[in-house]
Amino acid sequence: MMGENDEEMDATVLVSSKSRELIGTKDLSCKRLCDLPDEILLWVLDCLSTRSALRMSMLSKRWKQLSKSIPSLVFDEEDFFERTQFLNFVEGALSFRDLSPLKVFSLSCYVDDKESQVNTWVNGAMRRKVQELRLCLVVEIDRPVEYTLPCSIFRCETLVEFHLEMFYDIRVPSVVCLPNLKVLTLDHVGFVNDISFEKLLSCPSLEEVSLKSCRHCQLRIHGARIKSLQYHGPYGGGDHTISCPSSLVEAVIVVFYPAEENPDQCGDRVFKLLKGLSNVERLTLFYEGLWDMNEREDLLDSFPVFRSLTQLKFDISPVYLDCRALQVMLSQSPCLRSLVFAEGLIEDSELDGWMLDPVPECFLSSLKEIRICNFNAFEFELSAVRVLLATALVLEKLFIHCSRYYKKKFRGNLMKHLMKLPQASDQCAISLEFREKCSACSREFDLLGNQSD
């Protein structure tokens, strides 16, 4: 183990671009680790696990003092062989750390059906003005129970991110004051009433919301600044609705329906869902409910207009180009620039020479890029490509990601075959990809360079 007098290593190797930002114009010519400023050493500690960072306190008096103010505390019971060892470590770490502001407090552990010492630990983080709170509370019983989280969570003026995963029903206090909360993630959380749920979604600075399998709630988002929504869960019955603010920019929607619902009920719910998302700019959909609207003239005639939608991604397998509801949705998206079929596209009308009629407005004026993944070169897939090329007047790029099995289905040169198809656009470049996984479809909407990994 390195001692106080053994810090002769060249410290300049630790000075990355990030650390240079921290120290600004300070002299970087130091040759010993101990010569680095506190800001850099704290950054080094923050790169370590909590256990390793606390062990650094044994190196010297200076390291001990720095370890008392490590920026992040991350505790995961799975990292310990015995529960008692974990409990003692958390207690010891919180006792050791001073009351300086805490950047991250993350806790993943098992709890019983009683409010445990978990709340004491969370209160300790709140006293340190935490900015990012991550709680994963694993229930040891097979039924949802009500759990009362500390009121201090909902009155923390420094909290910027709150991530909560637990199979509990929670009740939000009557007073919620989270003026700086920007990111909210709820996973398998239940709410005893809609009021509790809406209080969290109404925080004035909230920008990103992610909800996965939340229970007993209607999704009505009122936050005026919310830009991003991710929703994964059921969408059926009287207690599930989605209503979004006009500020919403991006939405990723993964929904499933009760098996007992008939097609008309599903069609009504799909329509209601899409209407609530009509202001969004980038949309990913994972559901097959569009088919349930095919014979509903009343819904197709009053389909919402997506005036701001520029990027649309379908994550279902596969999408039918001859689906009437899909055609109507494309027609109601006049500004669409990017279209992704992440799990394939087929044309199965059984009509020779079938074409889009009428051609959606976006195909004639704005649609620049199309990506088709999981392509096997079946005849009905080639037919879908034929239709797209023949109707997309301003198309600039067509990306096709071929599956590993496409050569077993198609004999000949696929690129030559595609290049012979009639093209409405005189500037379209066709690109074939043969990698194991389509890199662009593994992340959300990166085709136009608007979204990072």
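Just so it is clear, the model here is predicted, and its values are computed rather than measured.

The rules we used
Residues numbered from 1 in each chain as written. Predicted model: local features only at pLDDT ≥ 70, side-chain atom pairs only at ≥ 80, totals over all residues. Heavy atoms only, no water. Helix = DSSP H or I, 4+ residues; strand = E, 2+ residues; numbered from the N terminus. Buried < 20%, exposed > 50% of the residue type's maximum accessible area, 1.4 Å probe, protein only. Polar contact = N/O pair within 3.5 Å; in protein donor to acceptor, adjacent residues only side chain to side chain. Contact = heavy atoms within 4.5 Å. Salt bridge = Lys/Arg side-chain N within 4 Å of Asp/Glu carboxyl O. Pairing = 2+ DSSP bridges.

J.: Quick question: what am I supposed to make of the side chain of Arg97 here?
T.: Along the chain, Arg97 turns up in the loop between α5 (83-96) and β2 (104-111). Residue classification places Arg97 among the buried residues on the basis of a relative accessible area of 3%. At a separation of 3.5 Å, a polar atom in the side chain of Arg97 contacts the side chain of Asp98. What Arg97 contacts, discounting residues up to four positions off in sequence, is Lys68, Ser69, Ile70, Pro71, Leu73, Leu102 and Arg128.

J.: What am I meant to see in the pattern of salt bridges here?
T.: Side-chain pairs of opposite charge can arise where the charged atoms are in close proximity. Across all of its chains, the model carries 13 salt bridges by this definition. Ionic pairing is found between Asp46 and Lys103, a salt bridge with its closest N-O pair at 2.6 Å. Here Lys103 lies in the loop between α5 and β2 and Asp46 lies in helix α2 (residues 38-46), a separation of 57 residues in the sequence. Note on Asp46: relative accessible area 23%, which makes it partly exposed. Given a relative accessible area of 36%, Lys103 falls into the partly exposed group. Of the charged contacts in the structure, one is a salt bridge between Arg324 and Glu297, with a shortest N-O distance of 2.9 Å. With Arg324 in helix α10 (residues 324-331) and Glu297 in helix α9 (residues 297-300), this residue pair connects regions lying 27 residues apart in the sequence.

J.: Before we go on, may I ask you to explain helix α6 (residues 118-127) in this structure?
T.: Given 3.6 residues per helical turn, the α-helix brings residues three or four places apart onto the same face. Burial of α6 is extensive: seven of the ten residues sit out of reach of the surface. For α6, the full list of buried residues reads Val118, Asn119, Trp121, Val122, Gly124, Ala125 and Met126. Looking one or two residues past α6, Lys129 carries a phi angle of roughly 55°, positive in sign.

J.: So what exactly am I meant to see when it comes to the pairing of strand β13 (residues 250-256) here?
T.: The side chains of a regular strand alternate between both faces of the sheet. When you tally the buried positions in β13, you get five out of seven residues, the bulk of the element. Strand direction decides the pairing type here: β13 and strand β14 (residues 282-286), joined by five bridges, are parallel. The residue bridging Glu250 from the neighbouring strand is Arg282, located in β14.

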